[in-house]
Amino acid sequence: MRPLDPRLLRRVRPARVALAADVLFGFLATIALLIQATLFAAIVARAFEHRPLDPREVIAFCGVVVARAVFAAGFEATGRRAAALATSELRMALVERRLFDMPTAADGAEAGEIAAAAVSGVDGLEAYFARYLPQLVLAVLVPIAVLAWTAAIDLTSVVIMVLTLPLIPVFMVLIGRYTESKTRARWVALTRLSNHFLDVVRGLPTLRAFNRGAAQAERIEAVSEAYRRTTMETLRVSFLSGAVLDLAATLATALVAVTLGVRLVEGTVAFRPALTVLLLTPELYIPLRSLAAQFHVSADGLAAAERILDLIEAPETPAVGTDRVPDPWRSLRLRDISLRNEERGSKLLDGFDLTIERGEVVALVGPSGAGKSTVAALLLGLRTPDGGTITVDGTDLATLDLRGWRTNVAWVPQRPTVFRGSVRDNIAIGNPSASIEQIDRASKAAGLDEVVADLPRGYESDIGEGARGLSAGETRRLALARALARSAQLVILDEPTANLDAESGESIAASIRELGADRAVLLIAHSPELARSADRIVRIEDGRAVAVSKQAVLP
Amino acid sequence: MNTLRELLRIARLPRARIVVSVVLGSLSVLLGVGLMSLAGYVISRAAEHPPILSLTVAIVAVRVCGIGKPVARYLERLERHDLAFRVLARMRVGFFRQIEPLVPGRLPELRRGDLLATMVGDIDAMQELFLRGLAPPLVAVVAGGISIAIAAAFLPAAGLILAAGLLVGGIGIPSLAAFTSRRTGPRQAAARAEMTAELVDLLRGGPELVVLGAAEEAVETVRTLDTELVHLERREAKAAGFVEGLSTAVSGLTVAGVLVVCATAAAAGTLDRVMVASLALLAMASFEAVAPLPAAAQVLRGTIGSGRRLLDITRQEPSVIDPPEPADPPRDPTVMLEQVGFGYADEEAWELRDVNLQLEPGRSVALIGRSGAGKSTIAALMVRFLDPDAGRVMVGGADARTVRQHDVRSFVTLDAQEAYLFSTTIRENVRLANPPADDHDIERALRRAQIWEWIASLPDGWDTYVGEEGTLVSGGERQRIALARTFLADAPVVVLDEPTAHLDPETAERLVDDALHATEGRTVLLITHRPEGLDAVDEILRLRRGRLDPQKSSRASLPNRIPRKG
């Protein structure tokens, strides 16, 4: 782990102020502590000399205690606030980036993981912002302050303190050794061991079906034992770094105390300064010790933050045009389009030409990975071509106001999303002013009405994450209804009948033909039946568009 | 309290190890106390200019404390973590034994993976029980008590003040912290859950929201949730700061109090003046004993909450139990459902009603119907994951309830809908169906599932790791590995529950053909909602809203077959 990610500090502007305040609070608390130690020694020295207690000193002492408490409270609260603000900042940046600059869809598992990082990541970040980061500064500031304060009282002790400081590099080396011992292979092995239990419990129905359930208990015990042994080996080393720091602190205290004792007997130092220095010595090491203690906790937080930062800072921002979209438009033309596949480094589309007129249904076919969905993404303005132009009645799509363009496009993606909310909300999401009749009509055309009839509360039933889930076929129908509820001039359907039985598929093909009466429809199809229902069929071959006859699609 | 007792019973913490851990922990605190108070003594005594030799014992003691404290702390941390992992192992085994008979069971949640995953989270939280929950208060009592006793031995008033300070710091402040977080905690958890769900929607459906023109609105929703969340987090930050400040104030003021009574006593001559610094420093250092207690209170609350959830689950009765005097294992490969009814709630909403179904030896039957029609419940009844609420399931001529579960499942094998692949190699995933099987048997099963060639083409062959939950293999490969597993079990009756879910039509067609071919001669029930493979079975039954259609559908009357290719 890098101790400090500059991207993080650059991005979390409001948190920076809180962070600065945090360091200030931490430093003030230390200064208060130095004063407290001095007053402590003064009170004791007075008693030692059999002089009566000075109430002013006691009141001052209590005052300093209260001040220190206030600073400590401020330190804790500000640090946590900084963490909350930083996470919020990252979260909103992520959301805006994903929606406005670079709309990309994450699959379920990935989305869950990113969302967890963006929400619960705050716990780890709390350790990072509230403790680790300020300690990083305080670990430098506080020892300097303590040494300076001590120097003002007793120079000899400063020398002893400075002599114990080289123990710190030893600690750093140990930390390094630990990270080294935590090599990737070992880490993977540990993770696998620790995930074994989850794996077994998740697969328990399968194990039970094969009469292997009860037999797993021993295996769980054995793996947990192996996990304990391996982890303890690691901990034995990693706890050493903390122990070394502890040792540095206690040894320094013991050394300073004993030296002061001898010098007191010799009479080369007075009682009061000696006691003050004794109280100051442990403070020298406290920030370093908390730094070490927070190192591992905050590593998780930093990892969460970096996960989000990587997503936010990923390159590519398509240019945004402002020109008005011709309304109504007649034809849409893709000309000599080329597009590279970033992952494979090959060309996905190369000299791709396609014209779609209003009033026709064009089917796009081709093997998986040929670039069918990419053509859809280009038309939706979700991707920009590397070469070639897309024109709407002769105007370049790149110069058009994309928002305006998208308002008259309807789209059924390959993997549609069910959003949390009612069925009605889900259908009307692209047309919030849709009347119930419109929704009902769209729902019928998509074959969703039978699904809705089975739901307890009809269109008002809640669906999506945490409510009733929809099967793949039901989701597909929902997406289709969603698209049909919009008044669009261009309709893009990415395999609208996948996961549906043939009967429903046929009625949907009929709905699509109806759509084609006055709209431009791009139909991405796997099944030959569906493709044949279109007016024209185009196949993607080696990145080019090839017109094919209806008979030719027969497999 | 009962929950805690119950949890401790399952954890079976070894007493001796607890004692060692608490002794080491207390030693670590007390050596720190000793270091500061002895150092204070040495300096005070030295200021009286005694012969240096009279200080020797105290000086040696200071050094011993200086070296001993980090050593004790190091050993204690190791010991405590070691115990935590042992607790974890026992909790895992203990809860696993109790959960195992409940799965998959009647609870719909238990059939889905997420509840099980939550349960694992709760069980894993148990490692904190001793580590950060119980150990700190035990150490605080011992170390705090001894510190108070020492202080009281020299000056009762000092002991009294220290006792009051430690009580406030060790009980009052943690209680206050618990009280404040009890109010904000649930609200914050709810806000976080809401935010997570919203973000998942948004991350998954980003492009759709953009195209639908709903992106701004979605961002606004997130922004509102974010404001609320930050507001709650800031409130929590304030509360945490307050608790932190209070702890500092309590320890500081206690030291002030001890300082005042000691100074007064020294002036009055009732306390040796060299003890003033010593006792005040003792008070200062002894607060280390109570410092981890606010966190410990929180951990305890969390783990007890987890424990309560777990115990609630394990208290349930298994939905299926073995008969006291089991009948002989079934032999005749026939399975019959007779007037079977099954439901979770009132009879009106039963999932299955009056289902009669007969699987005869060597015949294959397809069961079709929409999702949610109750097909998977029939599969569960056949392997006795569930018992019917009406009618009976006859396995090899005997009521399944009179036969041991083990015997039913050796007789009827289920290739479940969401076949689970464990994060190990392909070979081990298949082997689990029949552990004594040798490599040759496994190879044969994989060949029958028509996946041997693909496996042979992999660099690591069947030692290829399938990834967590099998994520490194594709849907079709995964289903075939599961199929091979079913073949290896070598049962006379095979139930294939949606073996083609999530597959494209061609792959699905090939898979079903291969599966039916490989199980020829066995009794087979193929459950599906898709048309592939229906022309290869002997009989097709349709399940519609919990009832089997009165007349058995013959192949010709099936309206929704897609034309075969070619």
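Just so it is clear, the model here is predicted, and its values are computed rather than measured. (Residues numbered from 1 in each chain as written. Chains lettered and ligands numbered in written order. Predicted model: local features only at pLDDT ≥ 70, side-chain atom pairs only at ≥ 80, totals over all residues.)

Caption draft 1: Region of interest: the overall build of chain B. The helix and strand inventory of chain B stands at 17 helices and 10 strands. By the compact-globule yardstick of 24 Å for 566 residues, chain B is too spread out, its C-alpha radius of gyration being 34 Å. Each of the three principal axes of chain B carries a C-alpha extent, and together these read 110 × 60 × 50 Å. In chain B, which comprises 566 residues, the share counted as buried stands at 52%. Long-range pairs, those at least 24 residues apart, make up 78% of the contacts in chain B with a sequence separation of at least 6. (Helix = DSSP H or I, 4+ residues; strand = E, 2+ residues; numbered from the N terminus. Rg over C-alpha atoms; globule rule 2.2 N^0.38 Å. Buried ≥ 20, exposed ≤ 12 C-beta atoms within 10 Å, placed from the backbone. Contact = placed C-beta atoms within 7 Å.)

Caption draft 2: Examining the overall build of chain A more closely. Along its length, chain A carries 20 helices and 12 strands. By the burial criterion, 47% of the 555 residues in chain A qualify as buried. Across chain A, every contact between residues at least 6 apart in sequence was considered, and the portion connecting residues at least 24 apart equals 80%.

Caption draft 3: View of the sheet that holds strand β10 (residues 547-548) of chain B. Residues and elements named next belong to chain B. Strand order in the open sheet formed by six strands is β6-β7-β8-β3-β9-β10, and the pairing between neighbours is mixed. Each end of this open sheet is capped by a strand with a single partner; those strands are β6 (412-415) and β10. Bridge analysis of strand β7 (residues 493-497) against strand β8 (residues 523-528) gives five bridges, and the strand direction is parallel. Counted as the bridge partner of Asp 497 is Ile 527 from β8. This element, helix α11 (residues 375-382), spans β3 (364-368), β6, β7, β8 and β9 (539-544) of the sheet and lies at about 155 degrees to β7. (Pairing = 2+ DSSP bridges. Axes fitted to C-alpha atoms, helices over the stretch in contact; angles between N-to-C directions.)

Caption draft 4: Inspection of the interface of chain A and chain B at higher detail. Contact with chain A, which involves 118 residues of that partner, is made by 115 residues of chain B. Among the elements that make up the side of chain A that touches chain B, the one with the highest residue count is helix α10 (residues 216-266) of chain A (27 residues). In terms of residue class, the side of chain A that touches chain B is made up of 71 nonpolar, 24 polar and 23 charged. (Nonpolar A, V, L, I, M, F, W, Y, C, P; charged D, E, K, R; others polar.)

Caption draft 5: Looking closely at unusual backbone geometry. Residues and elements named next belong to chain A. In this structure, Asn 211 takes a positive phi of about 60 degrees despite not being glycine. As for its position among the elements, Asn 211 is in the loop between α9 (204-209) and α10. Located in the positive-phi region is Asp 336, a residue other than glycine, with phi close to 50 degrees. Here Asp 336 shows up in strand β1 (residues 331-340). For Asp 336, a count of 13 C-beta atoms within 10 Å puts it in the partly exposed group.

Caption draft 6: Looking closely at the sheet that holds strand β5 (residues 398-399) of chain B. Residue and element names in this part refer to chain B. Reading across the sheet, the four strands line up as β2-β1-β4-β5 and stay open at both edges, with antiparallel pairing between neighbours. Only two strands of the sheet have a single partner each, and these edge strands are β2 (352-359) and β5. In this sheet, strand β4 (residues 390-395) lies alongside strand β1 (residues 335-342) in antiparallel orientation, the contact comprising five bridges. Across the sheet, residue Leu 337 finds its bridge partner in β4, namely Val 393. Sheet contacts for α11: β1, β2 and β4; angle to β1, the most-contacted strand, approximately 120 degrees.

Caption draft 7: Inspection of helix α2 (residues 15-46) of chain B at higher detail. Over its 32 residues, α2(B) runs 44 Å from end to end, which matches the ideal 46 Å to within 8%, given 1.5 Å per residue. Counting buried positions along α2(B) gives 25 out of 32 residues, so the element sits mostly inside the fold. (Expected span 1.5 Å × (residues − 1).)

Caption draft 8: Seen up close, the confidence of the model for chain B. Residues and elements named next belong to chain B. Averaged over all residues, the pLDDT of chain B is 85; the fraction at 70 or higher stands at 92%. Long-range and interchain partners of residues 553-566, a stretch whose pLDDT sits below 50, account for 20 contacts in this model, where long-range means more than four residues apart. Taken together, the chains of this predicted complex give a pTM of 0.80 and an interface ipTM of 0.82. (pLDDT = per-residue confidence, 0-100.)

Caption draft 9: Highlighting the packing of helix α6 (residues 127-154) of chain B against helix α9 (residues 274-286) of chain B. Residue and element names in this part refer to chain B. In contact at an axis separation of 10 Å, α6 and α9 are set at 165 degrees when each is read in the N-to-C sense. Relative to α9, α6 is oriented roughly antiparallel. Judged by the sense of rotation from one axis to the other, the crossing of α6 with α9 is left-handed. Touching Gly 144, Ser 147, Ile 150, Ala 151 and Phe 154 of α6 are Met 275, Leu 279, Leu 282, Ala 283 and Ser 286, all from α9. (Parallel < 35°, antiparallel > 145°, perpendicular 65-115°, else oblique. Left-handed = near helix turned anticlockwise from the far one by under 90°.)

Caption draft 10: Molecular detail of the confidence of the model for chain A. Of the residues in chain A, 87% have a pLDDT of 70 or more, and the chain-wide mean is 81. Per-residue pLDDT, averaged within each element of chain A, yields its smallest value for helix α7 (residues 167-181) of chain A (61) and its largest for helix α11 (residues 271-280) of chain A (92).

Caption draft 11: Quick look at the packing of helix α2 (residues 13-48) of chain A against helix α8 (residues 215-268) of chain B. With their axes 9 Å apart at the nearest point, α2(A) and α8(B) run at an angle of 15 degrees to one another. Compared by their axis directions, α2(A) and α8(B) come out roughly parallel. Seen from above, α2(A) lies across α8(B) with left-handed handedness. Between α2(A) and α8(B), the contacting residues are A:Phe40, A:Ile43 and A:Ala47 on the first element and B:Leu259, B:Ala263, B:Ala266 and B:Ala267 on the second. By residue class, the composition of the contact of α2(A) with α8(B) is seven nonpolar, no polar and no charged.

Caption draft 12: Up close: helix α16 (residues 436-445) of chain A. All names here are of chain A. Along α16, the positions that sit buried rather than exposed are Ile 439, Ala 442, Ser 443 and Ala 445. Taken end-on, α16 shows its buried residues confined to a sector of 165 degrees, consistent with a single buried face. Residues of α16 that are exposed and point more than 90 degrees away from the buried face comprise Ile 436 and Glu 437. Two residues or fewer past α16, Gly 447 is found with a positive phi of approximately 75 degrees. (Arc of directions from axis to C-beta.)

Caption draft 13: Geometry of the environment of B:Leu359. All names here are of chain B. Along the chain, Leu 359 turns up in strand β2. Each C-alpha atom of the pair Leu 359 and Pro 333 lies 8.3 Å from the other, and the pair is 26 residues apart in sequence. Non-local contacts of Leu 359, meaning those with residues more than four positions away in its chain, are made with Thr 334, Val 335, Val 365, Val 493, Thr 523 and Leu 525.

Caption draft 14: Highlighting the environment of B:Cys262. Residue and element names in this part refer to chain B. Its location among the elements puts Cys 262 in helix α8. On the basis of neighbour counts, which here come to 29 C-beta atoms within 10 Å, the residue Cys 262 falls in the buried class. Sequence spacing of Cys 262 and Asp 549 is 287 residues, and the spatial spacing of their C-alpha atoms is 93 Å. Dropping the residues within four chain positions of it, Cys 262 is found in contact with Leu 155, Ala 158, Leu 271, Met 275, Val 276, Leu 279 and Ala 280.

Caption draft 15: The nonpolar core, seen in detail. Core analysis: the biggest nonpolar cluster contains 361 residues, and A:Leu523, B:Ile43, B:Cys262, B:Val276 and B:Ala280 have the highest contact counts within it. Of the residues forming this core, the biggest block, 23 residues, is contributed by α8(B). With sequence-adjacent residues up to four places away left out, A:Leu523 is seen in contact with A:Val361, A:Val362, A:Ala363, A:Leu364, A:Leu493, A:Ile512 and A:Ala534. (Core = buried A, V, L, I, M, F, W, Y, C linked by C-beta atoms within 7 Å.)

Caption draft 16: Layout of the pairing of β4(B). Residues and elements named next belong to chain B. Looking at chain direction, β4 and β5 are connected through two bridges and run antiparallel. When the sheet's bridge partners are listed, Val 395 is paired in β5 with Ala 398. Where β4 folds back on β5, the antiparallel hairpin that results is connected by two residues, among which Gly 396 adopts a positive phi of roughly 55 degrees.

Caption draft 17: Seen up close, the environment of A:Phe48. By secondary structure assignment, the location of A:Phe48 is in helix α2. In the structure, A:Phe48 is positioned 223 residues away from A:Phe271 in sequence and 9.0 Å away in space, judged by C-alpha atoms. Discounting residues that sit within four places of it in the chain, A:Phe48 has contacts with A:Phe271, B:Ser44, B:Ala47, B:Arg273 and B:Val276.

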